[in-house]
Amino acid sequence: MSTPSNGPVKGRRIAEKAAKERRTPKLPKPRERAAAEPDQPAAPRRLPMIGAVAAAAAVLLAGLTALTCAVAGVGPEWLDGAGAIAVSTVLAVALAHRTGGRPGIALVLALVIGLAAVLVGGPTLQTGAAVLTVVVGGVYAVMATVPAVSFWPAAREVLIATLVSGFAAIAAVGFEPTVVAQRFDYASLILALALVFALVHRLGAGFHGLGRRGLIAVFAGVVVLVLTLAYGELLRRYGAGSVVGSVLDFAAWTADRIGAFPRPLVVFLGIPALLWGCFQRARRRQGWWVCAFGVTATVPLAQGLLDPDGSFLEAGLRGVYSLVLGLLLGYLLVRLDLALTAPRGRRGRRAEEAEAHRPEPSRFAEL
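Just so it is clear, the structure is predicted and the values come from calculations on it, not from any experiment.

Reading the values: the criteria
Residues numbered from 1 in each chain as written. Predicted model: local features only at pLDDT ≥ 70, side-chain atom pairs only at ≥ 80, totals over all residues. Heavy atoms only, no water. Helix = DSSP H or I, 4+ residues; strand = E, 2+ residues; numbered from the N terminus. Buried < 20%, exposed > 50% of the residue type's maximum accessible area, 1.4 Å probe, protein only. Contact = heavy atoms within 4.5 Å. Areas by Shrake-Rupley, 256 points an atom, 1.4 Å probe, with all protein chains shown as cover. Salt bridge = Lys/Arg side-chain N within 4 Å of Asp/Glu carboxyl O. Patch = residues over 30% accessible without salt bridge, like charges linked within 9 Å, V, L, I, M, F, W, Y side chains within 5 Å. Expected span 1.5 Å × (residues − 1). Arc of directions from axis to C-beta. pLDDT = per-residue confidence, 0-100. Core = buried A, V, L, I, M, F, W, Y, C linked by side-chain atoms within 4.5 Å. Axes fitted to C-alpha atoms, helices over the stretch in contact; angles between N-to-C directions. Parallel < 35°, antiparallel > 145°, perpendicular 65-115°, else oblique. Left-handed = near helix turned anticlockwise from the far one by under 90°.

Some remarks on the overall build of the protein chain
Moving on, step 1. Of the regular secondary structure elements, the protein chain holds 15 helices and 0 strands.
Moving on, step 2. Taking all 367 residues of the protein chain together, 41% fall into the buried category.
Moving on, step 3. Contacts spanning at least 24 positions in sequence make up 80% of the contacts within the protein chain whose residues lie at least 6 apart.
Moving on, step 4. Here the protein chain has roughly 21,300 Å² of accessible surface; of this, 67% comes from carbon and sulfur atoms.

Next up, the structure:
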């Protein structure tokens, strides 16, 4: 038998529940909601990444084929210009996309510069287009690398960067520039260093994120760069003394027997910095600062085919010898780094490699 007080309490609860249901509208089921909504136009879909990469690869392959035919003397005379425009445009768009720029603007600018160099002609336009192609290709070769947890993946990244710089070299030749070797080398190298350090300042967390090891690595890279360039300039201006003369004699003797002499800047700075930088990027973001010096390898390698006093064979042999020696020095840097910082023993190194997976976007994605 219920007490009389239960009636008012039960009625109040029913009233509160009804009020709550009136305040909370009942949502229709998904099928009912889809049927009630009018048809709306679908949002435009972006071109998938695989499609964009395939289109760029097709244009690049067509440009390289045209340039190869032009070198072999097959086809019409305009093939070299068309191939140079195609390759340089793909490299410019790829660099803009990779670094978070505006690929559309890069596409228009590259086409305008390339068409002006080919259609209008003249030493200034043609040489300027070749310089920009070498700079863009050399910087993109560094930007297209990905982190590497050990030596062999880092060596693979160096080979990929070398291949990209080779594409830039072939395209620069297609513009038929009027090259004064020292001026062309200095102009393209300075522009590439300025561009890559501006990009790396963002990717490497700014100057404040360098840390002690990063400062030491950047300082060492700057010292090697300045000494190498200053030594070469003094040698050209004031000639060779007895010690320097013996070095030049050794270089000439080596070139006579194996076809070419490796480039010191590429061997001692460019290739080791790029390899060790990719190795460091798998562990810390500041590895980008070391990778920046990789343009001292990719840009000179792209300049090799433009030397008016050399041949394509000599340029290729010089690039191969520089690459092999630079990889050896890079291997020593990696081993020294592991000896100083990694745990002792093979098991410790394997554990260190397993943890060294700093995430970065894929090779064709925006950084």
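As for the pattern of salt bridges
Moving on, step 1. For the structure shown, the criterion picks out 5 salt bridges.
Moving on, step 2. Ionic pairing is found between Arg 263 and Asp 185, a salt bridge with its closest N-O pair at 3.9 Å. Here Asp 185 lies in helix α8 (residues 181-203) and Arg 263 lies in the loop between α10 (242-258) and α11 (264-281), a separation of 78 residues in the sequence.
Moving on, step 3. Note on Arg 263: relative accessible area 24%, which makes it partly exposed.
Moving on, step 4. A salt bridge links Arg 318 to Glu 314, with the shortest nitrogen-to-oxygen separation between them at 2.9 Å. Of this pair, Arg 318 and Glu 314 both sit in helix α14 (residues 312-341), 4 residues apart, which is roughly one turn of the helix.
Moving on, step 5. Salt bridges sharing partners connect three or more residues here, namely Arg 156, Glu 157 and Arg 363.

Things to note about a nonpolar patch on the surface
Moving on, step 1. There is a patch of nonpolar side chains on the surface, built from Leu 107, Leu 111, Leu 115, Val 118, Leu 119, Val 120 and Leu 125 and spanning about 600 Å² of accessible area.
Moving on, step 2. For the nonpolar patch, the element with the highest residue contribution is helix α5 (residues 103-120), accounting for 6 residues.
Moving on, step 3. Note on placement: Val 118 falls in helix α5.

Looking at α5
Moving on, step 1. When the terminal C-alpha atoms of α5 are compared, their 25 Å separation across 18 residues agrees well with the 26 Å that a helix rising 1.5 Å per residue should span.
Moving on, step 2. Residues of α5 that are buried: Ala 106, Ala 110, Gly 114 and Ala 117. Summarising the axial view, the buried residues of α5 lie within an arc of 60°, below the 170-degree limit, and thus occupy one face. Exposed residues lying more than 90 degrees from the buried face of α5 are Leu 119 and Val 120.
Moving on, step 3. Where α5 is buried, its residues contact α4 (79-98) and α6 (123-143).

Describing the confidence of the model for the protein chain
Moving on, step 1. When pLDDT is averaged along the protein chain, the result is 82, and 80% of the positions lie at 70 or above.
Moving on, step 2. Scored below 50 in pLDDT, residues 1-5 makes 0 contacts in the model with residues more than four places away or belonging to other chains.
Moving on, step 3. Here residues 30-45 is a poorly scored stretch, pLDDT under 50, and it has 1 contact once near neighbours within four places are set aside; other chains count.

Comments concerning unusual backbone geometry
Moving on, step 1. Here the phi dihedral of Glu 176 falls at roughly 55°; this positive angle occurs in a residue that is not glycine.
Moving on, step 2. Within the element layout of this structure, Glu 176 appears in the loop between α7 (151-174) and α8.

Details of the nonpolar core
Moving on, step 1. The biggest cluster of nonpolar side chains holds 76 residues, and the ones touching the most others in it are Val 87, Val 139, Met 143, Leu 275 and Val 295.
Moving on, step 2. Each residue touching Val 139, except ones within four places of it in the same chain, is listed here: Leu 95, Ala 192, Leu 195, Val 196, Leu 199 and Val 295.

A few points about the packing of α4 against α5
Moving on, step 1. The contact between α4 and α5 brings their axes to 8 Å, and the two run at 155°. If you check the angle between α4 and α5, you find them roughly antiparallel. Of the two possible hands of crossing, α4 and α5 adopt the one that is right-handed. Every residue of α5 that contacts α4 at Gly 81, Ile 85, Ser 88, Thr 89, Ala 92, Val 93, Ala 96 and His 97 is listed here: Pro 103, Ala 106, Leu 107, Ala 110, Leu 111, Gly 114, Leu 115 and Val 118.

Considering helix α3 (residues 49-72)
Helical geometry note: an α-helix holds 3.6 residues per turn, so side chains three or four residues apart project in the same direction.
Moving on, step 1. Under the 1.5 Å per step criterion, the end-to-end length of α3 is 34 Å for 24 residues, consistent within 8% with the ideal 34 Å.
Moving on, step 2. Where α3 terminates, the next one or two residues include Gly 73, which has phi positive at roughly 80°.

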